[in-house]
Structure formats: structure tokens, C-alpha cells
Amino acid sequence: MSEFAVDKFRRVVVKVGSSLLIGADGRVDRQWLAGLAEDIADLHNRDHEVLVVSSGAIAIGSTVLGINMRRARLEDLQAAAAAGQVQLAHAYQEALAHYDITTAQVLLTPEDTENRRRFLNARGTLGRLIERRVVPVINENDTVATEEIRYGDNDRLAARVAQLVMADALILLSDVDGFYTADPVADPEAEHIPLVATITDEMQRMAGETRSDIGSGGMATKVQAARIATHAGCATIITSGAVQRPLSKLAAGARHTLFRAPGTPAAARKQWLAGVLEVRGEIRLDDGASQALRNGKSLLPVGVVEVLGNFRRGDVVTLVDSHGRELGRGLAEYSFNEATQLAGRQSESIEAVLGYRGRAVMVHRDELVIFDRDDGNRDA
Ligand code: GLU
């Protein structure tokens, strides 16, 4: 028996492949999408936070523009993506509006998740959308991505999004209902694996030989996605999307593979921060701010006494208390110059000081690790 129970996962990324969403006529399969929207609305109403990563722009756009996908050049596909993406977004908007759910389109490129400055921007935007109970509909920004740097497949994009928003679960809706020891279409001996505690190189190799998912990179990219997500503390599920209402079927026990995450997303993020070797600056805090940080709050400009070093937004800085002790570290929301100007100022005055509207915090609590201290009691 699997241990999957959707109620355990509050923040969920659902990845939808082109082959599920696009019908034989090359257009959105409205009936299937209506079922998915109903499933999403169910989760949404039970206080889950849902993000969708959906493919389909190139397939729809090719139909609209009369482009033959197999013979098309990269720029044709990018043009198709542009024409298809508006229709894709509109289809989701309509399907979810039926349940009074607002959607937002977010297009990302690999740098948006791999470069820390852009990472903070994307995380901030997605975080705000989720707080406002919006369901983001995310795709790769295919019109500007070049061949070399494309995500190449939305499985990996979905895993990066899960990491970005610290999702608890990533559900990969596929045309196959989980991970098998061999290609189940070609090999009758192929065995379904319901639960994976650790992804091994052997599994990655087995997945490479399986090409069941025609939509994108096959099982190999799904296992890679599971690897990225589970490292970030996000459980990953592969299940069949080739049914009506796939998420409720999954909740009711439909066959799937669960890749278990070793820890929580917060623990994974903190472990990563603690392990970063390149610290670019130092922020000295007053006692109020030090205490607030220990209580799990973000660092506000008002609690900053002094700023040292030479860092840019997204760099790792060390946080030092009034006794000169390193309290922890975090990702700076502001550059050294900005942070220096903002030190000791109220968040309301940020715009007046900088001349533009900035972010409310100096270091966000999700991007912060506080070190445990043996002499912690003496600090109180
Ligand atoms: N971003 C592509 C599209 O919307 C799909 C990429 C993929 O399926 O992996 O058509």
C-alpha cells in the first residue's frame, strides 16, 4: 500500500503534459480540462495551494498557425508557442473561473530559477499570487528561450517551480501510471514500483530506457524531476492523467509512484543556505531584530544597525547580533548600497529613500537560517 494522502500536502504543483491536454484535433480537450479544473477547485476549497505547470502552447499554436511540428524550425516553434500560449492561458482561465478561481499566467526561463536575483523575484511574485488564492498557470517562456538553454521539458520546469515555492508535493500527470522497472508497453515483465525512498543511478538508467510518455522526455525527465524536487523536500508523484478527473482518482487510490522526500522543504532550504560557501557581506542587527529572527520573523530594514561587504540582491549575507556573534545567514533582498541607505529605516520609507518602490523586508524568513547555539540561553 502506498502512503500517499493528498491531505498531507498543503502546497501542490501539478504538471500537465501536452498529450493529456491536447485532443486529436490539435486543440484543447475542454472536457478533460473541465475535469481537471473541478479537481483543482476541490483542492483549493480544502485550503490547498495549487500551482499548475502546463505544456501545450507549441501544440496548440502549431494547429492555429498551420505549422507542421515535426518539420518546423526553432523560430516556427517559438512563433507557435506565442500563438498557442494565449489560448492555453485562456482555456485555464475559463475552466477555473467556472469555480470562481482566479488564474495568473507566469512564463519562466531557466535563469529565473537558477540565478538567485531572478529566483527571488519569481519566488516573490508566485508567493504573492498564492497568498491571494490565485492559481498560477506556468509554462516555459518558449518565445525567448534558446535551444541550448531551454528547460527542454516541463517536467524539469515543474520541479524547479516546486523548489522555488517550497511545495510539499509535485504531481506529474503522465500517460503512464508510475515508474516501472522497464518500459511497460514493450516489456510484459515490467514491474510497477509504488514507493521510492531513494532515487538511485540504477533507477535513472532504467528510466532512460523507458519512453512511455510521448509528450516530452519520457520517464527519464520524470525521474530527474523527482530527484530535484525530493532534494528540495518535495514529495513527487507520477500518476496517469489520461483519465477524467485525474487528481480525484489519485486521491481515491489510483495507481501511482510516490517518491518520498527525505525532509521538509523548509529544512532543505535551510540546509542549502547553511552550506553555501560564498558569503558576500554582513548585516549587523539590533537586539529587537535578533529576537524577531529567532522567533521565525523576517529581517526588516529598521532592525539593521550596520552593513558591511559588497553584495548584490540574492547574495548570501551573514547576520550578526549586537554582541558580534553570527546569528545565521540569509539571501539579501537588497544590494549593499541599498541596504546601507535603508539601515534603521521604517519599511514605509523605503520608496522615499530609494526613489522606487522596494521590497518590505531585508531578508525574507523563508530565505534565512538561524544557527543553533550551545550558549543560546545566555543570549536571552
Ligand atoms: N513548453 C512547451 C509547450 O508549452 C512544452 C514543453 C514540454 O512539454 O516539456 O508547448
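Rules of the game
Residues numbered from 1 in each chain as written. Predicted model: local features only at pLDDT ≥ 70, side-chain atom pairs only at ≥ 80, totals over all residues. Heavy atoms only, no water. Helix = DSSP H or I, 4+ residues; strand = E, 2+ residues; numbered from the N terminus. Rg over C-alpha atoms; globule rule 2.2 N^0.38 Å. Buried < 20%, exposed > 50% of the residue type's maximum accessible area, 1.4 Å probe, protein only. Contact = heavy atoms within 4.5 Å. Areas by Shrake-Rupley, 256 points an atom, 1.4 Å probe, with all protein chains shown as cover. 1 Å grid on protein atoms, 1.4 Å probe; cavity = no way out; pocket = protein on both sides within 12 Å on 5 of 7 lines; lining within 4 Å. Points joined across faces, edges and corners; volume = space filled by probe spheres on them. Nonpolar A, V, L, I, M, F, W, Y, C, P; charged D, E, K, R; others polar. Expected span 1.5 Å × (residues − 1). Polar contact = N/O pair within 3.5 Å; in protein donor to acceptor, adjacent residues only side chain to side chain. Pairing = 2+ DSSP bridges. Phe/Tyr/Trp six-rings, centres within 6.5 Å; stacked < 30°, edge-to-face > 60°. pLDDT = per-residue confidence, 0-100. Axes fitted to C-alpha atoms, helices over the stretch in contact; angles between N-to-C directions. Parallel < 35°, antiparallel > 145°, perpendicular 65-115°, else oblique. Left-handed = near helix turned anticlockwise from the far one by under 90°. Core = buried A, V, L, I, M, F, W, Y, C linked by side-chain atoms within 4.5 Å. Salt bridge = Lys/Arg side-chain N within 4 Å of Asp/Glu carboxyl O. Near = heavy atom within 4 Å.

Some details on the overall build of the protein
A count of helices and strands for the protein gives 15 helices and 15 strands. Relative to the compact-globule value of 21 Å for 380 residues, the protein shows a C-alpha radius of gyration of 23 Å, a close match. With respect to the three principal axes, the spread of C-alpha positions in the protein is 65 × 45 × 40 Å. Relative to its 380 residues, the protein shows a buried fraction of 53%. The long-range fraction of contacts in the protein, counting pairs at least 24 apart against all pairs at least 6 apart in sequence, stands at 74%. Working note: accessible area of the protein is about 17,800 Å², and carbon and sulfur atoms make up 47% of it.

Digging into the layout of surface pockets
Counted as a void, the largest pocket has a volume near 950 Å³. Around the largest pocket, the lining comprises 36 residues; the ones closest to its centre are Arg 123, Glu 131, His 364, Arg 365 and Asp 366. Of all the elements in the fold, those that place two or more residues in the lining of the largest pocket are α6 (116–131), α11 (265–275), α12 (287–294) and β15 (368–370). Take the lining of the largest pocket: its biggest share by element is 8 residues, from α6. Grouping the constituent residues of the lining of the largest pocket by class yields 14 nonpolar, 8 polar and 14 charged.

A few points about α6
Its 16 residues place the ends of α6 22 Å apart at the C-alpha level, agreeing with the 22 Å of an ideal helix rising 1.5 Å per residue. Those residues of α6 that sit buried are Phe 119, Leu 120, Ala 122, Arg 123, Leu 126, Leu 129 and Ile 130. Two or three places before Arg 117, at the start of α6, stands the capping residue Asn 115, its side-chain oxygen 2.8 Å from that residue's backbone nitrogen. Immediately downstream of α6, the backbone of Arg 133 shows phi near 65°, a positive value.

As for the pairing of strand β14 (residues 326–331)
β14 sits mainly inside the fold: 5 of its 6 residues count as buried. In this structure, the hairpin formed by strand β13 (residues 316–320) and β14 is closed by a connection of 5 residues, where Gly 324 is found at a positive phi of approximately 80°. In the sheet, β14 pairs with β15 via 3 bridges, with the strands oriented antiparallel. Bridge pairing in β15 links Gly 330 to Leu 368.

Some points on the packing of aromatic side chains
If you walk through the whole model with that rule in mind, you get 1 aromatic pair. When the centroid spacing of 6.0 Å and the interplanar angle of 80° are considered together, the rings of Phe 311 and Phe 336 count as edge-to-face. Of the two residues, Phe 311 is situated in the loop between β12 (304–309) and β13 and Phe 336 in helix α13 (residues 336–342); the sequence distance between them amounts to 25 residues. Judged by its relative accessible area of 2%, Phe 311 is buried.

Points about the confidence of the model for the protein
Taken as a whole, the protein shows an average pLDDT of 90; of its residues, 93% reach a score of 70 or greater. Per-residue pLDDT, averaged within each element of the protein, yields its smallest value for helix α15 (residues 376–379) (39) and its largest for strand β2 (residues 49–54) (98). Scored below 50 in pLDDT, residues 212–216 shows 18 contacts in the model against residues more than four places distant or in partner chains. Here residues 374–380 scores under 50 on pLDDT; set against residues more than four positions off or in separate chains, the count is 4 contacts.

Description of the packing of helix α2 (residues 30–45) against helix α4 (residues 74–97)
Between α2 and α4, the shortest axis-to-axis distance is 9 Å and the interhelical angle comes to 55°. Between α2 and α4, the angle falls in the class oblique. Taken as a pair, α2 and α4 cross one another with a handedness that is right-handed. Taking contact as the criterion, the partners of Arg 30, Leu 33, Leu 36, Ala 37 and Ile 40 in α2 are, on α4, Ala 91, Tyr 92, Glu 94, Ala 95 and Leu 96. Considering only residue class, the contact of α2 with α4 consists of 8 nonpolar, no polar and 2 charged.

Describing the nonpolar core
Within the largest apolar cluster, 48 residues are counted, with the highest numbers of intra-cluster contacts made by Val 13 and Leu 170. Counting only elements with at least two residues in this core, the list comes to β2, β3 (103–108), α6, α7 (154–164), β5 (169–174), β6 (179–180), α8 (201–208) and α9 (219–231). Leu 170 has contacts with Val 13, Ala 158, Ala 159, Ala 162, Ala 229, Cys 234, Ala 235, Thr 236 and Ile 237, leaving out every residue within four places of it along the chain. By size, the runner-up hydrophobic cluster in this structure holds 44 residues, among which are Ala 37, Ile 40, Val 52 and Ala 235.

Examining the pattern of salt bridges
As enumerated under the stated definition, the model contains 22 salt bridges in all. With a shortest N-O distance of 2.8 Å, Asp 39 and Arg 245 are connected by a salt bridge. Placement of the pair is Asp 39 in helix α2 and Arg 245 in the loop between β9 (235–240) and α10 (246–251), with a sequence separation of 206 residues. Where salt bridges share partners, they join Arg 123, Arg 269, Arg 313, Glu 333 and Glu 367 into one cluster.

Some thoughts on the site of the ligand
In the vicinity of the ligand, 10 residues are found, and the nearest of them are Ile 58, Asn 139, Asp 142, Asp 153 and Asn 154. Interatomic distance of 3.0 Å between a backbone N/O atom of Ala 57 and an oxygen atom of the ligand. Between the ligand and Asp 142 there is a distance of 2.8 Å, counted from a nitrogen atom to a side-chain nitrogen or oxygen. Of the residues in the shell around the ligand, the class split is 2 nonpolar, 6 polar and 2 charged.

Some points on the sheet that holds strand β11 (residues 279–285)
Strand order in the open sheet formed by 5 strands is β12-β11-β13-β14-β15, and the pairing between neighbours is mixed. Each having just a single partner strand, β12 and β15 make up the two edges of the open sheet. The average undirected angle you get between the axes of adjacent strands in this sheet is 20°. For β11 and β12, the ladder comprises 5 bridges, and the chain directions are antiparallel. Of the residues in β12, the one forming a bridge with Arg 284 is Glu 306. Across the sheet, α12 lies against β11, β13, β14 and β15, angled at about 115° from β11, the strand it touches most.

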